[in-house]
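# Structural description and commentary
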Amino acid sequence: MADPTGPQYGFDTLQIHAGARPDPATGARQVPIYQTTAYVFRDAEHAAALFNLQEVGYIYSRLTNPTIGALQERIATLEGGAGAVCCSSGHAAQIMALFPLMSPGMNVVASTRLYGGTVTQFSQTIKRFGWEAKFVDFDDLDAVKEAIDDNTRAVFCEAVANPGGYITDLDAISAISDTAGVPLIVDNTSATPYLCRPIEHGATLVVHSTTKYLTGNGTVTGGCVVDSGKFDWAANDKFPSLSQPEPAYHGLKFAETFGPLAFTFHGIAIGLRDLGMTMNPQAAHYTLMGIETLSLRMDRHVENAKRVAEWLENDPRVEYVTYAGLKSSPYYDRVEKICPRGAGGLFTFAVKGGYDACVKLVDNLEIFSHVANLGDTRSLIIHSASTTHRQLTAEQQEAAGAGPGVVRVSIGIEDAEDLIADLDQALSKATA
C-alpha cells in the first residue's frame, strides 16, 4: 500500500523506488517474478488469520502475489491513492471498479467520450448484470446533473479521452458527483499519473489499462484500480457491500473494519476471489520496469505529439486536428489545470477524402504501426470507425470523436521529423 506518512519524494524517484525493496531472501535489487500459485502458511493459526483478513499476507496468487503487490504500491503511490488492486486488463479494471458499487437496477452515468470498447462494455455487456449506463456529454454539466438519479451509483469518465484527446473538467464533474453522494471513477490510461492526478481533482477511484503508457512497450496486458481512500462508503445506504455486513465474506463490514482501505480490501478479498480477473506476475514485472521510465517517455510523447499536431493542423490535406495542446483546441485552457505537464500523445485528425482516404493513409504509412493499441514507444495509427469503434452506431461514433473520416494516432518517442515525413508521404498517396 502507499504510505502517505513517508518521505515526500519526487515523481521521478517514486516511479523507480515505490513498492520496490531488495528481496529479503537473496538481496536481489529488481523486484523478482514470484512465479507461484500458492504460499506456505506458518501454521493453522496463521492461515486462519489471513483468511479472516486479520493479517496481511499471501494465500493464493489469484488474490495476492509479491510481484503484483509491488506494482500495486507503485501505482497507488504515483496516483496519490491509499491502495490499488491490479487485474488482467483495463476492461477488467472497469468491472472491478463497478463491482462493489452496483447491483441489479442500478446505473452509472458515463461520458460519451470514451474508448469504443468501454462504450460497448457499458451499453451492452453490463446489462447482463442488470446494470445500466447513461451516456452524457460531460461538457454539458447540467445534463450530467440531470442524468444522476436515485439509482446512480457512480460517475465515469476519462481524464484524457480516447480517441480524441479531449480533456475532461474533472473538478467540475467531481463537484457534481460529490453533491450527489456518488463516487467519481476516472480512467487515467491516456494521461498517466505523470500528466494528470485525478484524485487531486476529486476522483474517488482511478482506473488504468496498464497495457498502455504505464508498461509502454506493447508487451503485456493489465489493469489497475486505485482507491483514493477519501470516500465515506457508510455515509448512506447506497453501497451495502462496503458499509453493511458482506454476506460473501462472513458478514464483515469492510468500511468499518478497513476505513480508507475498504474498497481496496474488498477488491482483493471478493473482487479477485470471485471474478478471478488476476494479473500474472510476469506481466506485473514488465509493467514495473516500464514505469521506471514513465516520466522520460511521457515528456517525449508530449513533445512529439505537439510538433506532429501543429504540422498536421497547417496541412491543407487535413480538415482538423483534435489535439488539446493546440491553441485552437476548445480544451486548450484545461491543459494547464488538469494536465499541467502536457496534453498527452493521443489525438485524432480528419483527412480530406473521408473514409477511403483514411484507409489509404493507414495502408501507406511506414513508421506508424497499424495496431489496436496506444501508449507504445512506437507511433501507432488506427481507423477507429472500422475497428475499435465498429460496434457503435454512427451517432455514437461521432459523439466519441471517431467518425468515418477520422484516424487516431498515438505518437511515440521516435524522431519527430521522421514521423512528419512518414505522414507527409502517406497523405500524398491518400489524397491524390
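Right above here is the structure, for reference.
In this report, the structure presented in the accompanying data block is examined. Each residue is numbered by its place in its chain's sequence as written, counting from 1. The predicted origin of the model limits local features to residues at a pLDDT of at least 70 and limits the giving and counting of side-chain atom pairs to 80 or more, whereas totals for whole chains, interfaces and linings rest on all residues. Neither water nor hydrogens contribute to the side-chain values; these are computed over all heavy atoms in the structure.

## Points about the packing of helix α3 (residues 66-79) against helix α12 (residues 281-291)
- Axes here refer to lines fitted to C-alpha atoms; in helices the fit is confined to the stretch in contact. Angles between the N-to-C directions go from 0 to 180 degrees. The secondary structure listing takes helices from DSSP runs of H or I that are at least 4 residues long and strands from runs of E that are at least 2 residues long, numbered from the N terminus. Across the interface, α3 lies against α12 with an axial gap of 8 Å and an inter-helix angle of 35°. Relative to α12, α3 is oriented so that their crossing is left-handed. On α12, the residues that touch Thr 67, Ile 68, Ala 70, Leu 71, Arg 74, Ile 75 and Leu 78 of α3 are Pro 281, Ala 284, His 285, Thr 287, Leu 288 and Ile 291.
- Along the lines of polarity and charge, the residues of the contact of α3 with α12 split into 9 nonpolar, 3 polar and 1 charged. In a left-handed crossing the near helix is turned counterclockwise from the far helix by less than a right angle, and in a right-handed crossing that turn is clockwise. Two residues form a contact once any of their heavy atoms are found within 4.5 Å. Note that Gly is not counted as nonpolar here; it falls among the polar residues with everything else outside the nonpolar set of Ala, Val, Leu, Ile, Met, Phe, Trp, Tyr, Cys and Pro and the charged set of Asp, Glu, Lys and Arg.

## Some thoughts on the packing of aromatic side chains
- Here a pair means two rings of Phe, Tyr or Trp (six-membered ring of Trp) with centres within 6.5 Å. Their orientation is stacked below 30 degrees between planes, edge-to-face above 60, and tilted elsewhere. Scanning the entire structure with this criterion turns up 14 aromatic pairs.
- Arranged with centres 5.4 Å apart and planes meeting at 35°, the rings of Tyr 39 and Tyr 58 form a pair that is tilted. With Tyr 39 in the loop between α1 (11-17) and α2 (44-51) and Tyr 58 in the loop between α2 and α3, this pair connects stretches of sequence that are 19 residues apart.
- Any residue under 20% of the maximum accessible area for its type is buried, any over 50% is exposed, and the rest in between are partly exposed; the area is computed with a 1.4 Å probe on protein chains only. Overall, Tyr 58 belongs to the partly exposed group, its relative accessible area being 36%.
- Taking the centre distance of 5.8 Å and the plane angle of 85° together, the rings of Phe 231 and Phe 239 count as edge-to-face.
- A relative accessible area of 18% places Phe 231 in the buried class.
- Judged by its relative accessible area of 0%, Phe 239 is buried.
- Ring pairing ties together the aromatic residues Phe 231, Trp 233, Phe 239 and Phe 263, which thus form one cluster.

## Here we look at the sheet that holds strand β10 (residues 369-370)
- Strand pairing is defined by DSSP finding a minimum of two bridges between the two strands. Pairing in this open sheet of 5 strands is mixed, and the strands run β8-β9-β12-β11-β10 from one edge to the other. Here the strands that pair on one side only, and so sit at the sheet edges, are β8 (318-321) and β10.
- Note: strand β11 (residues 380-382) against strand β12 (residues 406-410), 3 bridges, orientation antiparallel. The partner of Ile 382 across the bridge, within β12, is Arg 408.
- In the packing of helix α13 (residues 294-313) onto the sheet, contacts are made with β8 and β9 (346-351), and the angle to β9 comes to roughly 15°.
- Its contacts with the sheet put helix α15 (residues 354-364) on β9, β10, β11 and β12, and the angle it makes with β9 is roughly 125°.

## Focus: the pattern of salt bridges
- Any Lys or Arg side-chain nitrogen located within 4 Å of an Asp or Glu carboxyl oxygen qualifies as a salt bridge. Applying the stated rule across the entire model yields 13 salt bridges.
- Between Lys 134 and Asp 149 there is a salt bridge whose closest N-O contact spans 2.6 Å. Of this pair, Lys 134 sits in strand β3 (residues 132-136) while Asp 149 sits in the loop between α6 (141-147) and β4 (152-158), and the two are 15 residues apart along the sequence.
- Notably, a salt bridge pairs Asp 376 with Arg 378, separated by 2.7 Å at the nearest N-O pair.
- Overlapping salt bridges bring together Arg 113, Asp 137, Asp 139 and Arg 334 as one network.

## Topic: the environment of Gly 181
- Mapped onto the secondary structure, Gly 181 falls in the loop between α7 (170-180) and β5 (184-187).
- With residues near it in sequence (within four places) discarded, Gly 181 still touches Phe 231, Asn 236, Lys 238 and Phe 239.

## A look at the pairing of strand β6 (residues 205-209)
- Of all 5 residues in β6, 5 are buried; the element is thus mostly enclosed.
- Here β6 shows two buried faces, one formed by Leu 205, Val 207 and Ser 209 and the other by Val 206 and His 208.
- Taken together, the 3 bridges between β5 and β6 define a ladder with parallel strand orientation. If you follow Val 186 over to β6, its bridge partner there is Val 206.
- By the bridge criterion, 5 bridges tie β6 to strand β7 (residues 223-227) in an arrangement that is antiparallel. Considered in β7, the bridge of His 208 is made with Cys 224.

## Quick look at the environment of Ala 76
- Considering the arrangement of structural elements, one finds Ala 76 in helix α3.
- The exposure class of Ala 76 is buried, given its relative accessible area of 0%.
- Here the alpha-carbon distance between Ala 76 and Val 206, two residues 130 residues apart in the chain, equals 9.4 Å.

Distances and angles like these do not, on their own, reveal function.
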